[in-house]
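Here is what each chain is made of, one letter per residue.
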Amino acid sequence: MNREEFLASWNEKFRPQEDGAQLPPHHHHCLGCGPDNPHGHHLTVHRRGEEVHATHIFDERHVGAPGIAHGGAVATVLDDLFGYLLYLTGGPAVTRQLEVLYASPVILGTTYRLAARVLRAEGRKLYVEADMRDVEGSLVASAAALFLSVDVTHFDQGMPR
Ligand SMILES: CCCCCCCCCC(=O)SCCNC(=O)CCNC(=O)[C@H](O)C(C)(C)COP(=O)(O)OP(=O)(O)OC[C@H]1O[C@@H](n2cnc3c(N)ncnc32)[C@H](O)[C@@H]1OP(=O)(O)O
């Protein structure tokens, strides 16, 4: 994606989102949610009140130990889900610090439910937390992160020169 395409989608992404709405992917090749990334998780995320929710099944592309999702893949999904809270807070931010607690192995081919929320905002700082549960409601992973809001020019650093 070039700078012009990225900026063109900016206002559309950060418009107010109704409760229950499916939220837009960060961009089409995003590892967490981009529909056109063949290696990606293709997360589909909805607003539920002041939270964002997703359902996810890890597959063989995400394997760590046999039959079990790689911890980095789990962190990717949690980090990307945090990125959806930005549609509720209204502007871009990036992960400064991410902590993941792995409570149980995440089994490939199994459905998990994820939810994330903002704990508090202090100036540019956004403190967020998320949990991932199996369909019975048992916690399998949780995460806490600090996001820092950035200006759109932050993303110039990754644009082709
Ligand atoms: C289309 C939307 C795009 C969104 C996509 C979301 C995708 C999912 C999320 C991601 O994967 S984001 C990608 C991974 N993250 C990055 O690439 C970020 C890389 N890091 C940076 O670019 C810079 O470190 C960053 C912009 C985050 C911050 O640099 P700054 O120079 O702007 O911040 P600075 O170091 O001055 O810190 C700002 C404030 O935060 C404070 N701070 C920093 N780290 C802290 C910490 N760990 N705990 C508490 N406070 C902290 C710091 O003390 C300071 O406080 P004060 O304003 O009060 O002085």
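The rules we used
- Residues numbered from 1 in each chain as written.
- Predicted model: local features only at pLDDT ≥ 70, side-chain atom pairs only at ≥ 80, totals over all residues.
- Helix = DSSP H or I, 4+ residues; strand = E, 2+ residues; numbered from the N terminus.
- Contact = placed C-beta atoms within 7 Å.
- Core = buried A, V, L, I, M, F, W, Y, C linked by C-beta atoms within 7 Å.
- Buried ≥ 20, exposed ≤ 12 C-beta atoms within 10 Å, placed from the backbone.
- Near = placed C-beta within 6 Å.
- Nonpolar A, V, L, I, M, F, W, Y, C, P; charged D, E, K, R; others polar.
- Pairing = 2+ DSSP bridges.
- Axes fitted to C-alpha atoms, helices over the stretch in contact; angles between N-to-C directions.
- UniProt positions renumbered as here; feature names shortened; annotations may be inferred.

J.: Requested: an account of the overall build of the protein, with residues and values cited.
T.: Along the backbone of the protein there are three helices and six strands. Secondary structure elements of the protein, listed N to C terminal, follow the sequence α-α-β-β-α-β-β-β-β. If you line up the protein on its principal axes, its C-alpha atoms span 40 × 35 × 30 Å. Put simply, of all contacts in the protein between residues at least 6 apart along the chain, 60% involve residues at least 24 apart.

J.: Please give an account of the nonpolar core that cites residues and values.
T.: The tendency in soluble globular proteins is for nonpolar side chains to be buried as a group. Counting residues in each nonpolar core, the largest one holds 31 residues, and the members touching the most others are Leu-78, Leu-81 and Phe-82. If you list the elements that add at least two residues to this core, you get strand E2 (51–57), helix H3 (71–89), strand E4 (111–122), strand E5 (125–134) and strand E6 (139–149). The greatest single-element share of this core, amounting to nine residues, is contributed by H3. Sequence-distant contacts of Phe-82, that is, excluding residues within four places in its chain, are made with Thr-95, Ala-116, Val-128, Ala-130, Ala-145 and Phe-147.

J.: A description of the site of the ligand should follow, citing residues and the corresponding values.
T.: Near the ligand lie 15 residues; those nearest to it are Gly-83, Val-94, Thr-95, Gln-97 and Leu-148. Of the residues forming the shell around the ligand, the biggest block, four residues, is contributed by strand E3 (residues 93–102). For the shell around the ligand, the residue count by class is five nonpolar, four polar and six charged.

J.: Pulling in residues and values, what's your account of the environment of Gly-40?
T.: By the element assignment, Gly-40 lies in the loop between helix H2 (10–13) and strand E1 (45–48). The exposure class assigned to Gly-40 is partly exposed, which follows from the 19 C-beta atoms found within 10 Å. A sequence separation of 11 residues divides Gly-40 from His-29, and the C-alpha atoms of the two residues are 7.9 Å apart. In contact with Gly-40, other than residues within four places in its own chain, are Cys-30, Leu-31, Gly-32 and Gly-34.

J.: How would you summarise the pairing of E5 if you had to cite specific residues and measurements?
T.: On any regular strand, side chains alternate: one points to one face of the sheet, the next to the other face. Judged from the 10 bridges that link them, E4 and E5 form a sheet pairing that is antiparallel. Bridge pairing links Ala-116 to Ala-130 in E5. Hairpin connection between E4 and E5: a loop of two residues separates the two successive antiparallel strands, and Gly-123 in this loop has a positive phi of roughly 60 degrees.

J.: How would you explain the sheet that holds E5 if you had to name every residue and give the values?
T.: Picture the strands of a sheet paired through backbone hydrogen bonds; they go either parallel or antiparallel. What the six strands build is an open sheet, ordered E1-E2-E4-E5-E6-E3; its pairing is antiparallel. The sheet is open, and its two edges are formed by E1 and E3, each paired on a single side. Each adjacent strand pair in this sheet contributes to an overall mean axis angle of 25 degrees, direction not counted. Looking at chain direction, E3 and E6 are connected through nine bridges and run antiparallel. Each bridged residue has a counterpart across the sheet, and for Ala-93 the counterpart in E6 is Ser-149.

J.: An account of the UniProt feature "domain: Thioesterase" (unreviewed entry) in the protein is requested, with residue identities and associated values reported.
T.: In the UniProt entry, the feature "domain: Thioesterase" (unreviewed entry) is given for residues 67–140. The span residues 67–140 is 26% helix and 46% strand, and its two end C-alpha atoms sit 15 Å from each other.

J.: Outline unusual backbone geometry, supporting the account with residue identities and numerical values.
T.: The phi dihedral of His-42 is positive, around 55 degrees, even though this residue is not glycine. Looking at where His-42 falls in the secondary structure, it is placed in the loop between H2 and E1.

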